[in-house]
Amino acid sequence: MVLLILPFVMSIKNFFSSVKPKTTVSVAAAVAGGNDAPIESPMKKQRTDDVISSGVSKPESGDYISLASMESGWRSQLQSETSKPYYKRLEQFIESERKSHTIYPPQDKIFSAFNLCPLDQVKVVIIGQDPYHGPNQAHGLAFSVQPPTPPPPSLNNIFKEINNDLKIPIPSHGNLEAWSKQGVFLLNTCLTVRKSEANSHQKHGWEDFTDAVIRVLSKKEGIVYLLWGNPAQTKCKSIDSKKNVVITCSHPSPLGAFKTNEPFMGSKCFSRCNDALIKFGKEPVDWKLK
């Protein structure tokens with residue numbers, strides 16, 4: 001009987017000894033490295049997938065006003081500004097501001113004027129001063145606001161003058177992106193502002209940067225400059241009026257739209273702008289907003 005059982009026991013033993021144990025990767029080995037494959041955290045993988053799918057990652061310290069996302073023509077002309085001391089100080093100031101305050105416009109809208117109006121397509125330049133400092137207003141274009149925010153007083157006066165000048169109906173919104181896409185460069189002197197505090201980012205470096213922008217534009221010819229008010233006219237004093245057309249008048253703000261020897265209201269600056277563009281052999285701007 002014992003002799004009959006013995007071969008059976010030996011066969012079972014041989015069977016189990018032939019089965020190799022499954023290799024496991026320890027967390028300690030994964031952390032330490034070595035030949036074991038590392039274990040990737042599901043949360044880390046999800047964050048990586050999010051970045052890949054969106055193409056955008058959260059800006060790191062010092063990257064908040066990086067020119068990486070700026071239209072390539074503009075970036076090639078302005079990238080050198082970011083290595084200058086004033087821009088380094090501006091980066092530090094913005095980084096400090098965003099830690100304790102809300103900044104307008106949103107980070108992805110700061111350079112909208114450049115991205116919506118590439119350098120090689122600029123044919124009209126309009127200069128503003130400070131971004132709007134209320135919620136859902138500023139989005140990187142001078143004088144423009146995001147719907148459903150109603151047009152502020154200065155923009156209302158702009159629409160009134162267009163209506164008086166070209167008989168174009170006054171629009172129900174104040175988003176001027178359609179102008180930018182036709183080559184109207186809507187540049188503010190300062191590109192950011194603290195929530196509810198007008199002029200709060202003045203004299204921290206943006207003026208130097210936008211001066212550099214004007215120097216880039218001054219190399220071009222056949223551009224119409226609509227310069228409303230003394231600050232805009234001073235900003236663009238280097239523009240050669242023999243190679244470009246410079247149209248000046250007061251600011252469209254209710255405080256100055258009817259004042260000075262060149263009042264904004266009644267200036268017909270929009271039809272004059274289009275007449276100049278036609279003489280330059282360029283398409284006139286369709287100022288109508290849909």
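Residues numbered from 1 in each chain as written. Predicted model: local features only at pLDDT ≥ 70, side-chain atom pairs only at ≥ 80, totals over all residues. Heavy atoms only, no water.

Looking at this model, I keep getting lost on the packing of aromatic side chains. Mind explaining?
Aromatic rings in a pair are described by how distant their centres are and how their planes are angled relative to each other. Scanning the entire structure with this criterion turns up 17 aromatic pairs. On the numbers, 5.3 Å between centres and 70 degrees between planes, the contact of Phe114 with Phe185 is edge-to-face. In this pair, Phe114 sits in helix H6 (residues 112-116) while Phe185 sits in strand S3 (residues 184-188), placing the two residues 71 residues apart along the sequence. In this pair, the class of Phe114 matches that of Phe185, namely buried. In this structure an aromatic cluster arises from ring pairing among Trp74, Tyr86, Tyr87, Phe111, Phe114, Phe185, Trp206 and Phe209. (Phe/Tyr/Trp six-rings, centres within 6.5 Å; stacked < 30°, edge-to-face > 60°. Helix = DSSP H or I, 4+ residues; strand = E, 2+ residues; numbered from the N terminus. Buried < 20%, exposed > 50% of the residue type's maximum accessible area, 1.4 Å probe, protein only.)

Would you mind showing me how to read helix H11 (residues 269-279) here?
Side chains that are three or four residues apart share a direction in an α-helix, a result of its 3.6 residues per turn. Regarding H11, the residues found buried are Cys269, Phe270, Ser271, Cys273, Asn274, Ala276 and Leu277. Directly beyond the C-terminal end of H11, a positive phi value near 80 degrees is found at Gly281.

It is not clear to me how the packing of helix H5 (residues 85-100) against helix H9 (residues 206-218) should be interpreted in this structure. Could you clarify?
For any two helices packed against each other, the geometry is given by the interaxial angle and the distance between the axes. Relative to each other, H5 and H9 sit at 130 degrees, their axes nearing to 9 Å. When the axis of H5 is compared with that of H9, the two are oblique. The chirality of how H5 crosses H9 is left-handed. Contacts between H5 and H9 pair Tyr86, Tyr87, Leu90 and Ile94 from the former with Trp206, Asp208 and Phe209 from the latter. Looking at the contact of H5 with H9 residue by residue, the classes come out as 6 nonpolar, no polar and 1 charged. (Axes fitted to C-alpha atoms, helices over the stretch in contact; angles between N-to-C directions. Parallel < 35°, antiparallel > 145°, perpendicular 65-115°, else oblique. Left-handed = near helix turned anticlockwise from the far one by under 90°. Contact = heavy atoms within 4.5 Å. Nonpolar A, V, L, I, M, F, W, Y, C, P; charged D, E, K, R; others polar.)

When you look at the environment of Leu176 in this model, what are you seeing that I'm missing?
Checked against the element boundaries, Leu176 lands in the loop between helix H7 (153-166) and helix H8 (177-180). A sequence separation of 32 residues divides Leu176 from Ser144, and the C-alpha atoms of the two residues are 5.3 Å apart. Non-local contacts of Leu176, meaning those with residues more than four positions away in its chain, are made with Leu141, Ala142, Phe143, Ser144, Leu155, Phe159, Leu186 and Leu289.

Could you clarify how one ought to interpret the sheet that holds strand S6 (residues 245-249) in this entry?
Strand pairing within a sheet occurs via backbone hydrogen bonds; the two strands may be parallel or antiparallel. One open sheet holds the 4 strands; their spatial order is S3-S2-S5-S6, and the pairing between them is parallel. Strand pairing shows two members of the sheet lacking a second neighbour, S3 and S6, which therefore form its edges. Direction aside, neighbouring strands of the sheet carry axes that sit 20 degrees apart on average. Both strand S2 (residues 124-128) and S3 contribute to a ladder of 5 bridges, which runs parallel. By the bridge assignment, Gly128 is partnered in S3 with Asn188. Seen against the sheet, H9 touches S2, S3 and strand S5 (224-228) and runs at an angle of roughly 155 degrees to S3. (Pairing = 2+ DSSP bridges.)

For this particular structure, what's the right way to read the nonpolar core?
One broad trend across soluble globular proteins is that nonpolar side chains are buried collectively. One finds Trp74, Phe114, Phe185, Trp206, Phe209, Leu217 and Leu226 to be the most contacted residues of the largest nonpolar core, which totals 73 residues. Discounting chain neighbours no more than four positions away, the residues touching Phe185 are Trp74, Ala113, Phe114, Cys117, Val122, Val124, Val125, Ile126, Val213 and Leu217. (Core = buried A, V, L, I, M, F, W, Y, C linked by side-chain atoms within 4.5 Å.)

Teacher, can you tell me more about H5 here?
Here H5 spans 24 Å end to end across 16 residues, near enough to the 22 Å set by a 1.5 Å rise per residue. Residues of H5 that are buried in the fold lie against strand S1 (103-104), strand S4 (193-194) and H9. (Expected span 1.5 Å × (residues − 1).)

Can you help me understand the confidence of the model for the protein in this one?
Low-confidence regions, as indicated by low pLDDT, have predicted coordinates that should not be scrutinised in detail. Chain-level statistics for the protein give a pLDDT mean of 84 and a share of 79% at 70 or above. Taken as a whole, residues 1-61 scores under 50 in pLDDT and shows 16 contacts with residues more than four places along the chain or in a different chain. (pLDDT = per-residue confidence, 0-100.)

Teacher, can you tell me more about unusual backbone geometry here?
Of all residues except glycine, most have a negative phi; of all peptide bonds, most are trans. In this chain, Tyr104 is followed by Pro105 through a cis amide linkage whose omega measures -5 degrees. Along the chain, the position of Pro105 falls in the loop between S1 and H6. With an omega of 5 degrees, the peptide bond running from Pro147 to Pro148 counts as cis. Of note in the backbone geometry, Phe143 takes a positive phi value of approximately 70 degrees without being a glycine.

So what exactly am I meant to see when it comes to the side chain of Asp130 here?
Structurally, Asp130 is set in the loop between S2 and H7. Lacking a salt bridge, the buried Asp130 has Arg194 as its closest oppositely charged neighbour, with an N-O distance of 11 Å. When near neighbours in sequence (up to four residues on either side) are disregarded, Asp130 contacts Asn188, Cys190, Thr192, Val193, Ala198 and Asn199. (Lys, Arg positive; Asp, Glu negative; His and termini not counted. Salt bridge = Lys/Arg side-chain N within 4 Å of Asp/Glu carboxyl O.)

Looking at this structure, how should I read the pattern of salt bridges?
A side chain of one charge can pair with a side chain of the opposite charge if their charged atoms are brought near each other. Within this structure, the stated rule accounts for 7 salt bridges. When the shortest N-O distance is used, the salt bridge between Glu95 and Arg98 registers 3.1 Å. In this pair, Glu95 and Arg98 both sit in helix H5, 3 residues apart, roughly one turn of the helix. In this structure, Lys290 engages Asp286 in a salt bridge whose closest nitrogen and oxygen atoms are separated by 4.0 Å. Here the salt bridges do not stand alone but share partners, grouping Glu97, Arg194 and Glu197 into one network.

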